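Residue strings, one per chain:
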2 protein chains.
Amino acid sequence: MTEFGLSPIQATARDDAVLKALAGFVMREALGPGQRLPTERILAERLKVSRNTVREALTRWEGLGLVERRQGSGTYLKGVVSLDMLHMPLTLAGGNDFTSLMQTLEIRRALEAEAAALCAVRAGQADLVEIGRKLDIMEQAFHTRAGMSAEEDWEFHQSIYRSSGNPLFEQIIAAMHELFHRFWEHPLGVRDFGHASFPYHRTIYERIAAHDPEGARAEALKLIATVEDDLKRGAAKLELSGQK
Amino acid sequence: MTEFGLSPIQATARDDAVLKALAGFVMREALGPGQRLPTERILAERLKVSRNTVREALTRWEGLGLVERRQGSGTYLKGVVSLDMLHMPLTLAGGNDFTSLMQTLEIRRALEAEAAALCAVRAGQADLVEIGRKLDIMEQAFHTRAGMSAEEDWEFHQSIYRSSGNPLFEQIIAAMHELFHRFWEHPLGVRDFGHASFPYHRTIYERIAAHDPEGARAEALKLIATVEDDLKRGAAKLELSGQK
DNA sequence: ATGGCTCAATGGTCCAACCAATTTCTGCAT
DNA sequence: ATGCAGAAATTGGTTGGACCATTGAGCCAT
């Protein structure tokens, strides 16, 4: 089973050519997230290809999360694109059951701890300010709305991933966040879900601010542990009520 | 900025509906990798949608690596599809450079350590035998071929992920494995790349066999650290030779 | 200002062709 | 019968044009 360093040539490459051209355009124009890019009709005309071809190309970018299409409005950049991008599409077969949730939590434990540690090492002053701001917002939301601070909680964690100096953390966790949302939509949780994890948000922040990677890692691990406990409690309650 | 518990309704969903129907079809027919699925024209007719819509849907699956289209032949399954799939398109800006490799290594450090620890807790006797076997094969390959044991090395690590009791570890790391392959194809590394990491494979195995999670985690971290060092040495050498 | 109206712009879908690669069939030479 | 070259059918890839659905901007009456 010898392995040659050859990848099969692409029989047709119109779509890829379109994307390459478009990536070049985005770089030349220095377009960033949120910006609108040319309409499909314009692209088709300029690139001398059918609009359908343009659409297939954009569909690929959309699937990769690089772009967002809004009917009636336009197509907008959602991420940073460059000519040399490497895509690692990852699809996981995961359901809404307890086991799947627990498995994603194990991944999150691994990544969250590492991200917190890296953040403690690399975060600059501006990063710390931003994280602290998100923390304040979250704590305020927690107190005023008594617990329902899922959105603010998420933004706090996101700011940590973002300051880890490694965009992969944010990307991976973001996908898992979606899975959790799926779960919460199904009304099968305990009442005050993230309640117990609340105090650890501040302790994590403090360890990061003190540039103490191992301390930050430890606090992050504690936080995940409380979420796991909540999940187990929810599962036990479900068991009791005799769910399928 | 009040946040209602409402998610924006999906304006259009033809493509998604097509994919859902197709996923259902694949499951009912118990189709697996390598199998051919119906023609675009047939799908369009059966699902009462335009062939264009079918194509956009299949383009998405193709981008996700779930399917492979061969002009003149047909569309073939490349992976396992199910109705409840979670997609995580990971995008790395800047393909083969040092930074990208380092970033994937940071992810791998987080996951590898956690997987080793979990494996030490959950691995049964059969798992240990399997891991030990892979280790023997790798060590033998290392000695006979003097270092070039990338394939066997990979299989050893895979066996650990597989015994971690959480399939997500293997899937995530597998996606990154491809990136490393690409890197090695480019002849820009130090000569004996994985050399220094060799002894830690056995120490990891020993800690797992002893059901010592923290020990296993520590050894895994040491292993990754040596790889990071190798990478840094390679990068420094590149710097010296004045590469673009 | 506010709410409703029109209207142009834009993405979403459809159709009917034709092109290009592949596979299958056919028929002839051996 | 067998083997093989060429024709024909199959299948994904591309094109052009049409129409629908949503959005957003401009306008107007209230």
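Just above, that's the structure.
The rules behind these values
- Residues numbered from 1 in each chain as written.
- Chains lettered and ligands numbered in written order.
- Predicted model: local features only at pLDDT ≥ 70, side-chain atom pairs only at ≥ 80, totals over all residues.
- Heavy atoms only, no water.
- Least-squares fit on C-alpha atoms with pLDDT ≥ 70 in both.
- Near = heavy atom within 4 Å.
- Polar contact = N/O pair within 3.5 Å; in protein donor to acceptor, adjacent residues only side chain to side chain.
- Helix = DSSP H or I, 4+ residues; strand = E, 2+ residues; numbered from the N terminus.
- Buried < 20%, exposed > 50% of the residue type's maximum accessible area, 1.4 Å probe, protein only.
- Arc of directions from axis to C-beta.
- Contact = heavy atoms within 4.5 Å.

Here we take up the relation of the copies chain B and chain A. Between the two copies, chain B and chain A, the superposition gives an RMSD of 2.4 Å; the rotation angle is 178° and the shift along the axis is 0.7 Å. Those values place the two copies in the arrangement expected of a two-fold rotation axis. Among all residues of chain B, the one whose C-alpha sits closest to the rotation axis is B:Pro89, at a distance of 1.3 Å.

With that settled, the discussion passes to the protein's contact with DNA strand D. Near DNA strand D, the surroundings consist of 25 residues, among which A:Arg14, A:Thr53, B:Thr39, B:Arg51 and B:Arg55 are the closest. In the interface set of DNA strand D, defined as its atoms within 4 Å of the protein, sugar plus phosphate atoms amount to 58%. Measuring from a base nitrogen of DNA strand D, one finds a side-chain N or O atom of B:Arg51 at 2.8 Å. At 3.4 Å, a side-chain N or O of B:Thr75 approaches a phosphate oxygen of DNA strand D.

Not every one of the 25 residues close to DNA strand C is listed here, only the nearest: A:Arg51, A:Gln71, B:Arg14, B:Asn52 and B:Thr53. Close to the protein, within 4 Å, the atoms of DNA strand C are drawn from sugar and phosphate at a rate of 58%. In this structure, a phosphate oxygen belonging to DNA strand C sits 3.1 Å away from a main-chain N or O atom of A:Glu40. Between DNA strand C and B:Gln71 there is a distance of 2.9 Å, counted from a base nitrogen to a side-chain nitrogen or oxygen. When contributions to the surface near DNA strand C are tallied by element, the ones reaching two or more residues are α2 (40-47), α3 (51-63), β2 (67-70) and β3 (74-77) of chain A together with α1 (14-28) and α3 (51-63) of chain B.

Moving on to α2(A). Because an α-helix completes one turn every 3.6 residues, residues spaced three or four positions apart along the sequence face the same direction. Residue and element names in this part refer to chain A. Regarding α2, the residues found buried are Glu 40, Leu 43 and Ala 44. Relative to the axis of α2, the buried residues are bounded by an arc of 100° and lie together on one face. For α2, the exposed residues set more than 90 degrees away from the buried face come down to Arg 41, Glu 45 and Arg 46. On its buried face, α2 sits against α1 (14-28), α3 and β2. Residue Lys 48 follows α2 closely and has a positive phi angle near 60°.

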